[in-house]
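Spelled out, the chains give:
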Amino acid sequence: MTLTASLVQKIGNAIKEVARNKGSTWWYTPHMAAASRAIAERIPLVDLVLEVRDARIPLSSKCELIKNLSPSSRRIIILNKTDLANHIQLKEWLKYFEQQKCLVFGVNSHNKDKIKELLNFLRARVRELPKTGHGGQTITLMLVGIPNVGKSALANSLHQIGRISAAEKGRLKHAIVSPDPGETKNISGLKIASHPSIYVLDTPGVFPTEILNAEVCSNLALTGAIRDCLVGEVELAEYFLSIFNLSDEYKKWAKLSLSGADDSSELERRQKRQYLTDHTQDFIVNKVRRMLFEVVSSFNCNLEDEEIMLQLIKAEFAVLRDAFNLPPDSDDYVRKVAAKLLNLYRTGRLGHYTLDLVPSK
């Protein structure tokens, strides 16, 4: 068994154990159960259901709450966070959903041009809806999905761009956006277009009462849909590195190694003094990339072997401690390295990964 497979089982079992504990404050809470009922009651009343999924995990992030809602003109799959996914595999996923007769659209909720394209796409779908026979019709779209797929960020962007294009005055509303899952508590409506008036409903993220597939659990945890404390940051960082080490992403950083460690401008040297431990600074990100490249490229053993992969990951944690400028005698440095590494992965600073494979025909 490979290390990746072993970690999938370990992470999956940990999450399933939490899910089986019905009194858990981290899983299917009374709040999530109430949100699920409220969403289910509203689905028949809205004009379009927009199922938001994470483009890195198009299958793992599907919303079980609407699994019985057949693919139709009323349901649209929105693959969000396309900027974090592998671009080649993203195209394959879009093609796959189209072959399944699903309406699908890929978007980055922080890219204004992409939001404008999505808004035009939604307006076109609205024009295809059956007319009710009276003027001044109001159209309602509802965003649904699991936690942390970016529903609130998407709602805010549609609201901002839609209101500006409609030349409407007035203070913009905002849905609460957080990198932590489960922050949206209530269903709220934001106007995104006029003539006709179109509103989008932002809803809380919901999980099913139980997830049986260990790989799905692992992918949800790694992408941040599930709180890290359910599994542990070190285990998740090891899972990411086991994927990273078998990918080709690190090969893109060869030029960083060739340029040398000390080739920096005066501005960069001042930044290093000012932001010594800020892992989001570009000079530290490049140092992380360079060190990871050098470690992986010099490791010529069979990475399918679990013990060998563990040796490589241990070596990576050691060099990352230096890259993040953590002192050698730092207490709990492994967890600190893991937390910083996960942040860089989840913000796309360490490459683009699609964890779900397109189903074979």
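Our subject is the structure listed above.
Rules behind the numbers
Residues numbered from 1 in each chain as written. Predicted model: local features only at pLDDT ≥ 70, side-chain atom pairs only at ≥ 80, totals over all residues. Heavy atoms only, no water. Phe/Tyr/Trp six-rings, centres within 6.5 Å; stacked < 30°, edge-to-face > 60°. Helix = DSSP H or I, 4+ residues; strand = E, 2+ residues; numbered from the N terminus. Buried < 20%, exposed > 50% of the residue type's maximum accessible area, 1.4 Å probe, protein only. Pairing = 2+ DSSP bridges. Axes fitted to C-alpha atoms, helices over the stretch in contact; angles between N-to-C directions. Contact = heavy atoms within 4.5 Å. Salt bridge = Lys/Arg side-chain N within 4 Å of Asp/Glu carboxyl O.

Participant: How would you sum up the packing of aromatic side chains? Please name residues and give values.
Facilitator: Centre-to-centre distance and the angle between the planes together describe a pair of aromatic rings. Under the counting rule described, the total for this entry stands at 11 aromatic pairs. Aromatic side chains W93 and Y96 sit 5.4 Å apart centroid to centroid with 85 degrees between the ring planes, which places their arrangement in the edge-to-face category. Highlighted residues: W93 and Y96, both in helix 3 (residues 87-99), separated by 3 residues, approximately one helical turn. With relative accessibility at 0%, the residue W93 sits in the buried group. A centroid spacing of 6.2 Å and a plane angle of 45 degrees characterise the contact between Y250 and F293, whose relative ring orientation is tilted.

Participant: Help me get a handle on the sheet that holds strand 3 (residues 103-106), residues and values and all.
Facilitator: The 6 strands are arranged 3-2-1-4-6-5 in an open sheet whose pairing can be described as mixed. Both outer strands of the open sheet, strand 3 and strand 5 (188-193), are each paired with one neighbouring strand and no more. Sheet twist, expressed as the mean angle between neighbouring strand axes with direction ignored, is 25 degrees. In the packing of helix 4 (residues 112-127) onto the sheet, contacts are made with strand 1 (48-54), strand 2 (75-80), strand 3, strand 4 (138-144), strand 5 and strand 6 (197-202), and the angle to strand 3 comes to roughly 165 degrees.

Participant: Break down the pattern of salt bridges for me, with residues and values.
Facilitator: In the structure shown here, the tally under the stated rule is 15 salt bridges. Of the charged contacts, one joins R75 and E51 as a salt bridge, the two residues approaching to 2.8 Å between their closest N and O atoms. One end of the pair, R75, is in strand 2; the other, E51, is in strand 1, with 24 residues separating them in the sequence. When its relative accessible area of 0% is taken as the criterion, E51 is described as buried.

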